[in-house]
Amino acid sequence: MQPLATNTSIAVIGAGAMGSGIAQVAAQAGHRVFLLDQREGAAEAGRQGVAKQLQRRVDKGKMEQPVLDELLDRIKPIKELSELAEAGLVIEAIVEDLEIKRNLLANLEEVCGKSTILATNTSSISVTALGAKMKHPERLVGMHFFNPAPLMALVEVIKGLATSDEMAQRVYATAAQWGKKPVIATSTPGFIVNRVARPFYAESLRLLQEQATDSATLDAIVREAGGFRMGPFELTDLIGHDVNFAVTSSVFNAYFQDTRFLPSLVQKELVEAGRLGRKTGQGFYSYAEGAQKPEPATAEAASSDAAALIVEGNPGPLAALVNRLRESGLKIIERDGPGRLQFGEAVLALTDGRMATERAAAEACNNLVLLDLAFDYAKARRLAITAADQASSQAVNDACALLQKADIAVSQVADRPGLVVMRTVATLANEAADAALHGVASISDIDLAMKAGLNYPEGPLRWSDNLGFSLLHTVLTHIQQSYGEDRYRPALLLRKNRFAEKGFYS
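Presented here is a report on the structure given in the accompanying data block.

So, the pattern of salt bridges
Close approach of charged atoms allows side chains of opposite charge to pair.
At step 1: For the structure shown, the criterion picks out 34 salt bridges.
At step 2: With a closest N to O distance of 3.3 Å, Glu-210 and Arg-206 form a salt bridge.
At step 3: For the salt bridge of Asp-434 with Arg-260, the shortest nitrogen-to-oxygen distance reads 2.8 Å. Placement of the pair is Asp-434 in helix 16 (residues 421–437) and Arg-260 in the loop between helix 11 (241–254) and helix 12 (265–272), with a sequence separation of 174 residues. Both residues of the pair, Asp-434 and Arg-260, count as buried.

Given below as structure tokens:
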């Protein structure tokens, strides 16, 4: 399918940060753009906002002044809907209200030609519901940009029940022509990103509520071990807790209160207290002038009399950690065994979703210390550990000393199922697998959406494959057994792959 030609006029309704950002994207691609807002002077202010942002690039030598001038000439503020008659694509980016959007779409059907594509930038309202009262709902497509639109690569192209394939494919091709990374999804609650991302926040919020450790430590573990750009508490402070909590509640209710999307009481308290994050000066962290962000809990330097690391059997994902320790000069002794490490009194293993105390009893291994998942053990700057209640203090000391030999900061957390990064990745992959099962989007588009939309270090389904077809299924099964909750039930595709002994991409 061919994209819209650059001589096709684009219209954007709503000149706030999102609308003006979309107008900039279309203008940069060479289109003439009509920018409309019902507020007096808002469209011109939106154009000036684009000019101010891009002038900084000119001042830094990253953009030529004539290029900026030509771009701004292509953005035309207008005052009336009737001026949109010649537009080939109209994108509405107005308030998230079903009836207000429906009324606008009805008016656009009267003004615009029959071939005009009508697009909605909604992040939470059903495209099917928006099109339900249209005369020609087949021409309505979701075109969900991420903020800030000029910088964020992802565009979710959403098909409502009546959306024609031709319209969706043309919008997809046009977004790609504009330099974006589009994905196609069906109109289900949360689409791809706002649905699949829920566990990223939910699991750390639950660990905080369960007093596994503090928010600064959880953020540091997720960043420095998991490879995520921001921790969940930093990110929700940035987004705004009112916004994040509202999205979670919306998805929870839209899925008939499925416990996988259960909102957090911790976040609810912040919202009720008016501690919404950066915009109010206080969230999980204080943003008052001179406020210092708390440091993550980090184990003090430890020493051990152990002369060598014993590797029993195949260490699985921990192989890269073993190699890192070998490169540090530590002697490595390899022998048959159940896939775990021994260093001094410590017996170390990758978490399988069970609490260390439970697993130590089941395996008759008192000095068990569990290691969390890292995105890349060869580069991880921090790692979470937890110890069985039965473990000696020397075993914990030896475990810390071992990791510190590889220049890894150690954060010991309370004994909770699945630790931190492993639990987060397992639940993300589980939700992604469920979305794929229900036809929300393809496996590759789900992974692309999470990487391009939220800067994840890897798509959750590809990450699952990299860890082996059965590991995350095992982790989820054990976490579910620990809590006795349906929230952690393994998705059907994840379970199927485990017994078929294959991954999502094989």
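Re the nonpolar core
At step 1: The biggest cluster of nonpolar side chains holds 121 residues, and the ones touching the most others in it are Leu-84, Val-90, Leu-108, Ile-192 and Leu-309.
At step 2: For this core, the element with the most residues is helix 16, which contributes ten residues.
At step 3: Sequence-distant contacts of Ile-192, defined by excluding residues within four places in its chain, comprise Glu-156, Val-183, Ala-185, Val-440, Ala-441, Asp-445, Ile-446, Ala-449 and Met-450.
At step 4: Listed in part, the 39 residues of the second largest apolar core include Val-12, Ala-23, Leu-35 and Ile-91.

Describing the state of the cysteines
At step 1: In the structure shown here, the tally under the stated rule is zero disulfides.
At step 2: Of the cysteine sulfurs around Cys-365, a residue in no disulfide, the closest is that of Cys-400, at 16 Å.

Some words on the packing of helix 16 against helix 20 (residues 492–500)
At step 1: Remark: helix 16 packs on helix 20, axes separated minimally by 7 Å, with the N-to-C direction vectors making an angle of 100°. Comparing the axis directions of helix 16 and helix 20 gives the class roughly perpendicular. Contacts from Asn-430, Ala-433, Ala-436 and Leu-437 in helix 16 reach Leu-492, Leu-493 and Leu-494 in helix 20.
At step 2: For the contact of helix 16 with helix 20, a count of residues per class yields six nonpolar, one polar and no charged.

Here is what the cut-offs are and how they apply
Residues numbered from 1 in each chain as written. Predicted model: local features only at pLDDT ≥ 70, side-chain atom pairs only at ≥ 80, totals over all residues. Heavy atoms only, no water. Salt bridge = Lys/Arg side-chain N within 4 Å of Asp/Glu carboxyl O. Helix = DSSP H or I, 4+ residues; strand = E, 2+ residues; numbered from the N terminus. Buried < 20%, exposed > 50% of the residue type's maximum accessible area, 1.4 Å probe, protein only. Core = buried A, V, L, I, M, F, W, Y, C linked by side-chain atoms within 4.5 Å. Contact = heavy atoms within 4.5 Å. Disulfide = S-S within 2.5 Å. Axes fitted to C-alpha atoms, helices over the stretch in contact; angles between N-to-C directions. Parallel < 35°, antiparallel > 145°, perpendicular 65-115°, else oblique. Nonpolar A, V, L, I, M, F, W, Y, C, P; charged D, E, K, R; others polar.

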